[in-house]
Amino acid sequence: MTGTATPLLEVENVRVTFGGIVALDGVSFSVQRGSIAGLIGPNGAGKTTLFNCISRIYQVDTGAIRVDGQPILDTPTHGISSAGLSRTFQNLALFGKLSVLDNVMIGAHARTTGNFVNDALRLFGVRQREAAIRDEAMALLEELRLDGIAGELVAALPFGTQKRVELARALASRPTLLMLDEPAGGLNHDEVEEFKDVVRRIRDERRISILLVEHHMNLVMSVSDQVVVLNFGRKIAEGTPSQVQRDPHVIEAYLGSGNAAGGH
């Protein structure tokens, strides 16, 4: 990490309340370019709420969120792709009755600027753009070893495979920050091990920064450069995986005893 470069993501004193309940209470942290950051905490800690604030699903009461130095709190949900953000969801948000390829192409369309009138007037240009999007989507499917099922309907696929399809769709919008919401949920041991390699490869080869919310501690501690820990809406620790695992506040939050928070 460099001391002077602007972080890719900055979360500053974010506070969110729902009715009288405080969901996030002055949370601040940053994610550097080219890093993998894990966001962890016990159930109800505020992880998903914070994810939904960054991706503009929830509004914040006070605080600031910046991507590449630019404030994004006025950005609508449908505009986060233009801000360089893309995300997956804990509960899959795929189009089950469409093919694997069509789902990934939809992700690519999120970054295009075409509209109905222009498309109707410039059909040749539209066909060229569509062909380029299809080629790029197929390359993504090949990278994630999904090219062999490009034509299959998503709804007919195993859950772990659907997770990879959603990842491919998120990557198709060419994000600078990829947000992964419980990516290991429902995956078996071998699939989790494979996913670790996929996450590292995305960061290293595509130069994409990654923020992941995950309950699977082994995954988080294996791939993250930094880990941010929330509990009851507050940040209780931040540091490298080894620092966080030894932090007494983290141990207490997870186990209420003297065991390290390194299990599943």
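The preceding data block contains the structure.
A brief look at the structure comes next. Everything numeric here is computed off the predicted structure, so don't read it as measured data.

1. A look at the nonpolar core
If you look at the biggest cluster of nonpolar residues, it comprises 46 residues, and the most contacted ones within it are Leu167 and Leu178. If you tally residues by element for this core, the top one is helix α5 (residues 159–172), at 6 residues. If you count residues domain by domain, this core takes at least three from each of domain 1 (1–84 + 176–264) and domain 2 (94–174). In contact with leucine 178, not counting residues within four places along its chain, are Ser86, Leu167, Ala170, Leu171, Ile202, Ile208, Ser209, Ile210 and Leu211. In terms of nonpolar packing, the next biggest core, distinct from the first, is built from 30 residues, Leu24, Ala45, Cys53 and Leu230 among them.

2. Remarks on the side chain of glutamine 226
Tracing the sequence through the fold places glutamine 226 in strand β9 (residues 226–231). The exposure class assigned to glutamine 226 is buried, which follows from its relative accessible area of 5%. There is a polar contact of 3.1 Å between the side chain of glutamine 226 and the backbone oxygen of serine 30. With sequence-adjacent residues up to four places away left out, glutamine 226 is seen in contact with Ser30, Val31, Gln32, Ser35, Ile36, Ala37, Gly38, Glu238 and Gly239.

3. Details of helix α1 (residues 47–54)
Most of α1 sits inside the fold, with 7 of its 8 residues counted as buried. Considered for burial, the residues of α1 that qualify are Lys47, Thr49, Leu50, Phe51, Asn52, Cys53 and Ile54. Once α1 finishes, arginine 56 follows within two positions and takes phi at roughly 70 degrees, a positive value.

4. Description of the sheet that holds strand β5 (residues 70–71)
Spatially, β2-β1-β4-β5 is the arrangement adopted by the 4 strands of the open sheet, whose pairing is antiparallel. Lying at the two open borders of the sheet, with one neighbouring strand each, are β2 (21–31) and β5. Strand direction decides the pairing type here: strand β1 (residues 9–18) and β2, joined by 8 bridges, are antiparallel. What sits directly across from phenylalanine 18, in β2, is isoleucine 21.

5. Structural notes on a nonpolar patch on the surface
Among the surface-exposed residues, Phe95, Leu98 and Ile106 lie close enough to one another that they form a single nonpolar patch of about 230 Å² accessible area. Locating leucine 98 in the fold gives a position in the loop between β6 (85–87) and α2 (100–109). Classification of leucine 98 as partly exposed rests on a relative accessible area of 30%.

Reading the values: rules and limits
Within every chain, residues take consecutive numbers counted from 1 along the sequence as written. Local features in this predicted model are restricted to residues whose pLDDT is 70 or higher, and side-chain atom pairs enter the listing and the counts only when it is 80 or higher, whereas totals over whole chains, interfaces and linings include all residues. Excluded from the side-chain calculation are hydrogens and water; included are all heavy atoms of the structure. Only buried residues count toward a nonpolar core, which is a set of Ala, Val, Leu, Ile, Met, Phe, Trp, Tyr and Cys residues joined through side-chain atoms within 4.5 Å. Buried residues are those whose accessible area, probed at 1.4 Å on protein chains only, stays under 20% of the maximum for their type, while exposed residues exceed 50% and partly exposed ones sit between those limits. Runs of E in the DSSP output that reach at least two residues are strands. Runs of H or I that reach at least four are helices, and both are numbered from the N terminus. Per the annotation, domain bounds derive from an automatic or database assignment of domains. Contact between two residues is taken to exist if any of their heavy atoms lie within 4.5 Å; hydrogens are not considered. Between N or O atoms, a polar contact is any pair within 3.5 Å; within protein, one atom must be a potential hydrogen donor and the other a potential acceptor, and residues adjacent in sequence are included only when both atoms are from side chains. Any two strands with at least two DSSP bridges between them are considered paired. The residues that make up patches have over 30% relative accessible area and no salt bridge, and they are joined within 9 Å when like-charged or within 5 Å when they are Val, Leu, Ile, Met, Phe, Trp or Tyr. Using the Shrake-Rupley algorithm and a 1.4 Å probe, accessible areas are obtained, with residue cover drawn only from the displayed protein chains. We count a salt bridge whenever a side-chain nitrogen from Lys or Arg sits within 4 Å of a carboxyl oxygen from Asp or Glu.

Remember that the coordinates give geometry; whether it matters functionally is a separate question.
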